[in-house]
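Observations on the model geometry
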Amino acid sequence: MDVSRRYRESWEGFWAATSDTPGEAIWDSDPSFTSVPDSELLLPYADATLPVVDLGCGNGTQTRYLATRFARAIGVDLSHAAIEHARHADTAGTAEFEQLDLVDLDAVRALRERTGDTNVYMRAVIHQSEPQDRRAVAAAVAELLGERGRAFVVELTSASKAVLQRAAAEPGGPPPKLRRVFDHGLKPAGAGDEEVPELLRAAGLRILADGDTALVQTEQMRDGTRIELPSRWYVLARE
């Protein structure tokens, strides 16, 4: 099974139209807002001598930080253009990057065979996946973990829709970075609050810890306040 052609082309188009400028993508926040605090939540449960796989790595900003906390970091993304951005930005060669469709279970298993049990970092992938693919995305997390890996998954909650709607309704329309998301047919905050933990449990994942947070964006409202999207995080292990 693969993602739909429309979904693939939406992401390829978005990243092809994105420059290498840090923060041009609305979610490309500095690690101090994202993978730094996320790692502090994950590491008490995880074996840092295992690799970490960053699912939906985009241009690799978070992957490069994760490479400083784990023995090996691998960023994967559906978009070839995103992977090219990530490789270009990683001038020090701190991480590895490859194209991967998380819905393609055979490809996910092949990655697991090469890496063994891994830790997983996944930030805001389920909520924007097409409904028919969300179960497969959760299953990919479980497949990669094996027995020893641990996962950190963070997803938008329904409260984030109100923030996005407010930003979109401001005078002049959505701010530029958010407009680009809509223009490429991407649909944030699509998964329901109960859907995400249900998908994780159905994939054979056990929730070790969870809590509320906010995904800090690189875009601002018209009044200058930073856009922050209410979210929920989960630390996970295989049952």
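A brief report on the enclosed structure follows.

Quick notes on the rules
Residues numbered from 1 in each chain as written. Predicted model: local features only at pLDDT ≥ 70, side-chain atom pairs only at ≥ 80, totals over all residues. Heavy atoms only, no water. Buried < 20%, exposed > 50% of the residue type's maximum accessible area, 1.4 Å probe, protein only. Helix = DSSP H or I, 4+ residues; strand = E, 2+ residues; numbered from the N terminus. Arc of directions from axis to C-beta. 1 Å grid on protein atoms, 1.4 Å probe; cavity = no way out; pocket = protein on both sides within 12 Å on 5 of 7 lines; lining within 4 Å. Points joined across faces, edges and corners; volume = space filled by probe spheres on them. Nonpolar A, V, L, I, M, F, W, Y, C, P; charged D, E, K, R; others polar. Phe/Tyr/Trp six-rings, centres within 6.5 Å; stacked < 30°, edge-to-face > 60°. Pairing = 2+ DSSP bridges. Salt bridge = Lys/Arg side-chain N within 4 Å of Asp/Glu carboxyl O. Expected span 1.5 Å × (residues − 1). Contact = heavy atoms within 4.5 Å. Core = buried A, V, L, I, M, F, W, Y, C linked by side-chain atoms within 4.5 Å.

What about helix α7 (residues 159–168)?
Three or more residues of α7 are buried, namely Ser160, Val163, Leu164 and Ala167. Burial along α7 is one-sided: seen end-on, the buried residues are contained in an arc of 95°.

Some points on empty space enclosed by the protein
Applying the stated criterion to the full structure yields one cavity of 30 Å³ or more. Counted as a void, the largest cavity has a volume near 660 Å³. The wall of the largest cavity is formed by 44 residues, among which Trp11, Arg123, Ala124, Val125 and Gln128 lie closest to the centre. Broken down by class, the residue content of the lining of the largest cavity amounts to 26 nonpolar, ten polar and eight charged.

Regarding the packing of aromatic side chains
This structure, assessed with the given rule, holds eight aromatic pairs. A centroid spacing of 6.0 Å and a plane angle of 15° characterise the contact between Tyr121 and Phe152, whose relative ring orientation is stacked. With Tyr121 in strand β4 (residues 119–123) and Phe152 in strand β5 (residues 151–156), this pair connects stretches of sequence that are 31 residues apart. Among the residues examined, Phe152 registers a relative accessible area of 1% and is labelled buried. Taken together, a centroid distance of 5.9 Å and an interplanar angle of 15° make the contact between Phe152 and Trp233 stacked. With Phe152 in strand β5 and Trp233 in strand β7 (residues 226–238), this residue pair connects regions lying 81 residues apart in the sequence. As far as burial versus exposure is concerned, Phe152 and Trp233 are alike and both buried.

Brief notes about the pairing of β7
In this sheet, β7 lies alongside β5 in antiparallel orientation, the contact comprising six bridges. Looking at the pairing, Leu156 lines up with Ser231 of β7. Examined bridge by bridge, strand β6 (residues 205–220) and β7 share twelve bridges and lie antiparallel to one another. Bridge pairing in β7 links Ile207 to Leu236.

Digging into the pattern of salt bridges
What the rule picks out here adds up to 15 salt bridges. Between Glu130 and Arg6 there is a salt bridge; the shortest N-O distance is 3.1 Å. Taken together, the residues Glu130 in the loop between β4 and α6 (134–145) and Arg6 in helix α1 (residues 5–16) connect sequence positions 124 residues apart. According to the relative accessible area criterion, Glu130 is buried, its value standing at 12%. Within this structure, Arg112, Asp117 and Arg148 form a network of salt bridges that share partners.

Let's talk about α1
Helix length check: α1, at twelve residues, gives a terminal C-alpha distance of 16 Å against a target of 16 Å (1.5 Å per residue), a fit within 8%. Taken as a whole, α1 has its buried residues at Tyr7, Ser10, Trp11, Phe14 and Trp15. Seen end-on, α1 carries its buried residues on one side only, within an arc spanning 120°. Turned more than 90 degrees off the buried face of α1, the exposed positions are Arg5 and Ala16. Where α1 is buried, its residues touch β2 (73–77), α4 (80–89) and α8 (176–183).

Concerning the nonpolar core
Counting 71 residues, the largest nonpolar core has Leu55, Val120, Met122, Ile126, Val141 and Leu200 as its most contacted members. Per element, the largest residue contribution to this core is eight residues, and it comes from α6. In contact with Ile126, other than residues within four places in its own chain, are Arg134, Val137, Glu155, Ala191, Val196, Leu199 and Leu200.

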